[in-house]
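Each chain is listed here by its residues.
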Amino acid sequence: MEQTLSIIKPDAVKKGVIGKIISRFEDNGLRIAAAKKVQLSKKEAQEFYAVHKERPFFKDLVEFMISGPVVVMVLEGRGAVAKNRELMGATNPKEAAKGTIRADFADSIDANAVHGSDSKENAANEIAFFFAKSKIY
């Protein structure tokens, strides 16, 4: 079974839609193999998003990700990376297909409700950032 990382971002946590988002994953064949609610430190957010450190939006992204708690999950299932990305929708909620998580719950390209790994390789690295193998069931 393939695994991927999903983060329910501070805007969606603040709106109280954690359960609705998790239901989308489960209703579409993705199993929650691990989950936890955390408040990222600035250092953790900078490390996690280090791939974007040279991009103009990096500082704002870090500030947004530390603005409130997030829910970090390992999703598991057939084609989990692609399935999660399909369920999330386009990064910009205005471009996201109707019925996707971002179309239904995101406010903007910056406050876009969820993060999902974009490849199997990145999924493995992102999962390891948040979870020890012994904590994934």
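Each value, and the rule that gives it
- Residues numbered from 1 in each chain as written.
- Predicted model: local features only at pLDDT ≥ 70, side-chain atom pairs only at ≥ 80, totals over all residues.
- Heavy atoms only, no water.
- Pairing = 2+ DSSP bridges.
- Helix = DSSP H or I, 4+ residues; strand = E, 2+ residues; numbered from the N terminus.
- Axes fitted to C-alpha atoms, helices over the stretch in contact; angles between N-to-C directions.
- Contact = heavy atoms within 4.5 Å.
- Buried < 20%, exposed > 50% of the residue type's maximum accessible area, 1.4 Å probe, protein only.
- Polar contact = N/O pair within 3.5 Å; in protein donor to acceptor, adjacent residues only side chain to side chain.
- UniProt positions renumbered as here; feature names shortened; annotations may be inferred.

Q: Report on the sheet that holds strand β1 (residues 2-8), specifying residues and quantitative values.
A: Taking strand neighbours across the sheet as the criterion, the four strands line up as β2-β3-β1-β4 in an open arrangement whose pairing is antiparallel. For this open sheet the edge positions go to β2 (31-38) and β4 (114-116), each flanked by a neighbour on one side alone. The average angle at which neighbouring strand axes cross in this sheet is 20°, direction not considered. The pairing of β2 with strand β3 (residues 70-77) spans seven bridges and is classified as antiparallel. Bridge pairing in β3 links Ile32 to Leu75. Helix-sheet contacts for helix α5 (residues 80-88) involve β1, β3 and β4, and the interaxial angle to β1 is about 30°.

Q: Lay out the environment of Gln39 with the relevant residues and their values.
A: Along the chain, Gln39 turns up in the loop between β2 and α3 (42-48). Taking relative accessible area as the criterion, Gln39 reaches 44% and is therefore assigned partly exposed. As for Gln39 and Ile8, which are separated by 31 residues in sequence, their C-alpha atoms are 12 Å apart. Leaving out residues up to four positions away in the same chain, Gln39 has contacts with Glu44, Ile66, Ser67, Gly68 and Pro69. Reaching out from Gln39, the side chain makes a polar contact with the backbone oxygen of Ile66 at a distance of 2.9 Å.

Q: Could you give an account of the UniProt feature "active site" (unreviewed entry) in the protein chain, naming the residues involved and the relevant values?
A: Here the UniProt feature "active site" (unreviewed entry) sits at His115. With respect to the helices, strands and loops of the structure, His115 is situated in strand β4. Overall, His115 belongs to the buried group, its relative accessible area being 11%. In contact with His115, other than residues within four places in its own chain, are Leu5, Ser6, Ile7, Lys9, Phe48, Tyr49, Asn84, Met88, Arg102 and Glu126.

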